[in-house]
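Structural overview for review
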Amino acid sequence: MTAPDRTSYASPLADRYASRAMLTLWGPQMRYGLWRRLWLALAEAQQSLGMAIPDTAIEEMRAHLDDIDFDAVAVYEKKFRHDVMAHVHAFGDVAPAARKFVHLGATSCYVTDNAELILMRRGLHLLREKLLDSLEALSVFAREWKDEPALGYTHLQPAQLTTVGKRATLWMQDILLDLEDLEYRVAQLPFRGVKGTTGTQASFLSLFDGDHAKVRELDRLVTTQMGFTASIPVSGQTYSRKVDAQVLSVVAGIAATASKFSGDIRMLQAFGEIEEPFEKNQIGSSAMAYKRNPMRSERIASLARFVLSLEPNANQTHAVQYFERTLDDSANRRLVIPESFLATDAILVLMQNVVRGLEVHPARIRRRVEDELPFMATEEIIVRFVRAGGDRQEAHELIRGHSIEAARAVKDGAPRNDMLERLAADPAFGIPLEDLQAVIEPTRFVGRSPEQVVEFLDEHVASWLARARTGVDVEEVRV
């Protein structure tokens, strides 16, 4: 086994974060293997429409789709300063009967653009599978914890109660929205097809002696062979780079969903309510041995920020593609598109790990509820006071005074919120402590949270997962 090169920079996405499947998808073997399959599909379609391409040429191309001599390619590229022509010549070396037919009538974007669309579609499929996995795991989690009251927050301040399971449904709803966007984009994603140098198909019209019907059929045949239902109706030299922006919008949306989830987990871990997995020998801090840092969730947030910074790049690139195309998109897209997919893949690997290992601490959750619930129950207490014959405004003033004092006491070190005891001890209030304690049973303040969890899982998630597993076809093209 060859030792890794430790003297040159290597992307952390490859070395540390992304899955093997996504790395393989965006690797050279896959990309240039697709180029050869595109050349084969073009030659087969041309032959079927009457061009004199011998069967031996087709057979040699088919026999050498994957045995790419990258050393030979490097020599050719150094000579020609053109990556596509380097691969044309390297393919011709192993398929000599096909040499004069490889790339016939095509422009470089025939292979580069069409391959990119195939790779993006496959990349969306890989992300989809990871999203579904997290959705399923969260479904189990939400159902298990649907009844556990927990502090809800607005403005990052304690608000009305929710349940642990209900909060999980908010994460799941974002995932469903992402999956719907993803499936729509996959269904709408076009093939570039066979469009020629500036999109006019002039070279192919010449090859078929002005037969427009054959040129249209050539485009259809190649598009179908490569697994797409339709090619883009018109193009310049490239497909519109707006398509890239649409795809990266979906990818960035997934990253944003994961980032929001990770932020919630980081705060819940700071509260001591819910923690991400922590392995037996894992070290939280090199200095503070006691620490248990939410490093997985922090890494999700870090990678998501990177992905979100790439999304605007695609629209910026599209905006400067003057007329039929400019080449200032090429080097940019080599970085932005693969790294968006690789980083989002890494995010979802982390998210899968976190959601399958969440640790809930009910005692801590209940203690935090107890600290805040008396304040949240003030309206119920006012109602109880009025039913006993009291004045609403008087009750409000009494509760206001005691709640402020109780809150100050907690902030100054009191072990617990004693607002109810203060009210019960006030002769002006006149309601026994046991009656007040009955008012603040936590389950009375979660509304329909448990029912909403069950309804959401049964009526939306379960049916959606069943449909998704057999729904939109994101199968790989034939290779």
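For the structure itself, consult the block above.
Let me sum up the structure you'll find in this document. Just so it is clear, the structure is predicted and the values come from calculations on it, not from any experiment. Residues take numbers from 1 onward in each chain, read along the sequence in its written order. Since the coordinates come from a predicted model, pLDDT governs what is reported: local features require at least 70, and pairs of side-chain atoms require 80 or more to be given and counted, while whole-chain, interface and lining totals use all residues. For the side-chain quantities, the full set of heavy atoms in the structure was used; hydrogens and water were omitted.

1. Details of empty space enclosed by the protein
Using the following cut-off: Definitions used for this entry: grid spacing 1 Å over protein atoms alone; cavity, a set of points where a 1.4 Å probe fits but cannot get out; pocket, an open set with protein on both sides within 12 Å along at least 5 of 7 lines; lining residue, one with an atom within 4 Å of a point. Grid points are joined across faces, edges and corners, and a volume is the space filled by probe spheres set on the points. Starting at the N terminus, helices and strands are each numbered in turn, a helix being any DSSP run of H or I of at least four residues and a strand any DSSP run of E of at least two.
One pass over the full model with this rule turns up 1 cavity of 30 Å³ or more. By volume, the largest cavity amounts to about 60 Å³. Lining the largest cavity, in full, are Arg-241, Asp-244, Leu-248, Asn-313, Ala-314, Thr-317, Asn-332, Arg-333, Val-336 and Ile-337. Sorting the residues of the lining of the largest cavity by element identifies α11 (242–271), α12 (295–319) and α13 (330–356) as the ones contributing at least two each. With 4 residues, the single largest contributor to the lining of the largest cavity is α13.

2. Notes on helix α16 (residues 392–411)
Spelled out, the test is: What a helix should span is 1.5 Å times the count of its residues minus one. Exposure is judged per residue with a 1.4 Å probe applied to protein chains only, and the accessible area is read against the type maximum: over 50% gives exposed, under 20% gives buried, and values in between give partly exposed. The reported arc concerns the directions from the helix axis to the C-beta atoms and nothing else. Contacts are assigned to residue pairs with any non-hydrogen atoms lying within 4.5 Å of each other. Within 3.5 Å is the distance limit for a polar contact, defined as a pair of N or O atoms, with the added protein rule that one can donate a hydrogen and the other accept it, and that residues adjacent in sequence qualify only through two side-chain atoms.
In a regular helix each residue adds 1.5 Å, so 20 residues correspond to 28 Å; α16 covers 28 Å between its end C-alpha atoms and thus fits that length. Inspection of α16 places Ala-395, Leu-398, Ile-399, His-402, Ser-403, Ala-406 and Ala-409 among the buried residues, and these make up the whole buried set. For α16, the buried positions fall inside an angular range of 125° around the axis, keeping them on one side. In α16, the exposed positions angled more than 90 degrees off the buried face are occupied by Gln-393 and Lys-411. Looking at the buried side of α16, the elements it contacts are α14 (362–376), α15 (378–387) and α17 (419–425). Its side-chain oxygen 2.8 Å from the backbone nitrogen of Gln-393, Asp-391 forms the N-cap of α16. Positive phi shows up at Gly-413, right after α16, with a value of about 115°.

3. Remarks on the pattern of salt bridges
Using the following cut-off: Salt-bridge detection follows one rule: a side-chain nitrogen of Lys or Arg within 4 Å of a carboxyl oxygen of Asp or Glu.
On inspection of all chains with the given rule, the structure shows 29 salt bridges. Lys-146 serves as the salt-bridge partner of Asp-147, at 2.9 Å between the closest nitrogen and oxygen. Its salt-bridge partner being Glu-273, residue Arg-368 comes within 2.6 Å of it at the nearest N-O pair. Separated by 95 residues along the polypeptide, Arg-368 in helix α14 and Glu-273 in the loop between α11 and β3 (274–275) bring together distant segments of the chain. Among the residues examined, Arg-368 registers a relative accessible area of 15% and is labelled buried. Within this structure, Asp-113, Arg-241, Arg-325 and Asp-329 form a network of salt bridges that share partners.

4. Looking at helix α7 (residues 108–144)
Over its 37 residues, α7 extends 55 Å from the first C-alpha to the last, a length consistent with the 54 Å expected when each residue adds 1.5 Å. The buried count for α7 comes to 30 of 37 residues, which makes it a mostly enclosed element.

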